[in-house]
Amino acid sequence: MNNQQQKGHSTDLLFQPFSLHSLALQSRIVMAPMSRGFSPNGVPGPDVAAYYRQRAENGVGLIVTEGTVIDHPAATSETSLPAIYGESALNGWAEVVRQVHDAGGKIFP
Ligand SMILES: Cc1cc2nc3c(=O)[nH]c(=O)nc-3n(C[C@H](O)[C@H](O)[C@H](O)COP(=O)(O)O)c2cc1C
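Now for a look at the structure at hand. (Residues numbered from 1 in each chain as written. Predicted model: local features only at pLDDT ≥ 70, side-chain atom pairs only at ≥ 80, totals over all residues.)

### Some thoughts on the packing of helix α2 (residues 46–57) against helix α3 (residues 87–102)
Helix-helix packing is characterised by the crossing angle of the two axes and by the distance between the axes.
Right, on to step 1. With their axes 8 Å apart at the nearest point, α2 and α3 run at an angle of 25 degrees to one another. Put simply, α2 runs roughly parallel to α3. Both α2 and α3 take part in a crossing whose hand is right-handed. On the side of α2, the interface is formed by Val 48, Ala 49, Tyr 52, Arg 53 and Ala 56, while α3 contributes Gly 92, Glu 95, Val 96, Gln 99 and Val 100.
Right, on to step 2. For the contact of α2 with α3, the class distribution of residues is 6 nonpolar, 2 polar and 2 charged. (Axes fitted to C-alpha atoms, helices over the stretch in contact; angles between N-to-C directions. Helix = DSSP H or I, 4+ residues; strand = E, 2+ residues; numbered from the N terminus. Parallel < 35°, antiparallel > 145°, perpendicular 65-115°, else oblique. Left-handed = near helix turned anticlockwise from the far one by under 90°. Contact = placed C-beta atoms within 7 Å. Nonpolar A, V, L, I, M, F, W, Y, C, P; charged D, E, K, R; others polar.)

### Considering α2
Right, on to step 1. Relative to the 16 Å expected for 12 residues at 1.5 Å per residue, α2 spans 16 Å between its end C-alpha atoms, a close match to the ideal helical length.
Right, on to step 2. For α2, every residue scored as buried is listed here: Val 48, Ala 49, Tyr 52, Arg 53 and Ala 56. In an axial view of α2, the angular spread of the buried residues amounts to 130 degrees, which keeps them on one side of the axis. Of the exposed residues in α2, the ones pointing more than 90 degrees away from its buried face are Asp 47 and Ala 50.
Right, on to step 3. For α2, the elements touching its buried residues are β4 (62–64), α3 and β5 (106–108). (Expected span 1.5 Å × (residues − 1). Buried ≥ 20, exposed ≤ 12 C-beta atoms within 10 Å, placed from the backbone. Arc of directions from axis to C-beta.)

### Some thoughts on the nonpolar core
Right, on to step 1. Ranked by internal contacts, the top residues of the largest apolar core, which has 13 residues, are Tyr 52, Ala 56, Ile 63, Val 96, Val 100 and Ile 107.
Right, on to step 2. The set of elements that each furnish at least two residues to this core consists of α2, β4 and α3. (Core = buried A, V, L, I, M, F, W, Y, C linked by C-beta atoms within 7 Å.)

### Overview of the sheet that holds strand β3 (residues 30–31)
Right, on to step 1. If you walk across this open sheet you meet the 3 strands as β3-β4-β5, and the pairing is parallel. Sheet topology places β3 and β5 at the edges, where each strand pairs with a single neighbour.
Right, on to step 2. Bridge count for β4 against β5 is 3 bridges, and the pairing is parallel. Its bridge partner being in β5, Ile 63 is matched across the sheet by Ile 107. (Pairing = 2+ DSSP bridges.)

### With respect to α3
Right, on to step 1. Here α3 spans 22 Å end to end across 16 residues, near enough to the 22 Å set by a 1.5 Å rise per residue.
Right, on to step 2. Every buried residue of α3 is listed here: Ala 89, Gly 92, Trp 93, Val 96, Gln 99 and Val 100. The buried residues of α3 occupy an angular sector of 120 degrees when projected down its axis, which confines them to one face. Exposed positions of α3 whose direction lies more than 90 degrees from the buried face are Glu 87, Asn 91, Ala 94, Arg 98 and Asp 102.
Right, on to step 3. Its buried side turned inward, α3 meets α2, β4 and β5.
Right, on to step 4. Phi turns positive one or two residues past the end of α3, at Gly 104, with a value near 90 degrees.

See below:
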């Protein structure tokens, strides 16, 4: 037992799976939302999928994405934020989700 564990500060628990109802997470690590803005015309591309996939690959249980833009004129004036409506944007997100699930993670907008 190391010094951290003796003091009850072990981080091992963070890396253990967690389940709540139908949600099964590979770890107890949840990634907080962080603004990015790498989705030209609101469409998340392969680089965005790769960004989120990397987090799942490295053990994040649940990813909360950057802010997404709804279909309302007041939602944003920034064109690089990912939209959560429209065929192109939703197809982009579908690929993000596919990649994250493939890497064992879960993701929430
Ligand atoms: C849509 C959205 C975007 C965010 N973007 C950032 C960001 O770019 N950088 C940042 O430090 N925190 C950002 N935050 C806040 C973080 O998610 C987090 O709450 C904050 O860093 C404080 O963390 P703490 O509550 O653990 O202290 C964002 C929150 C939301 C809801």
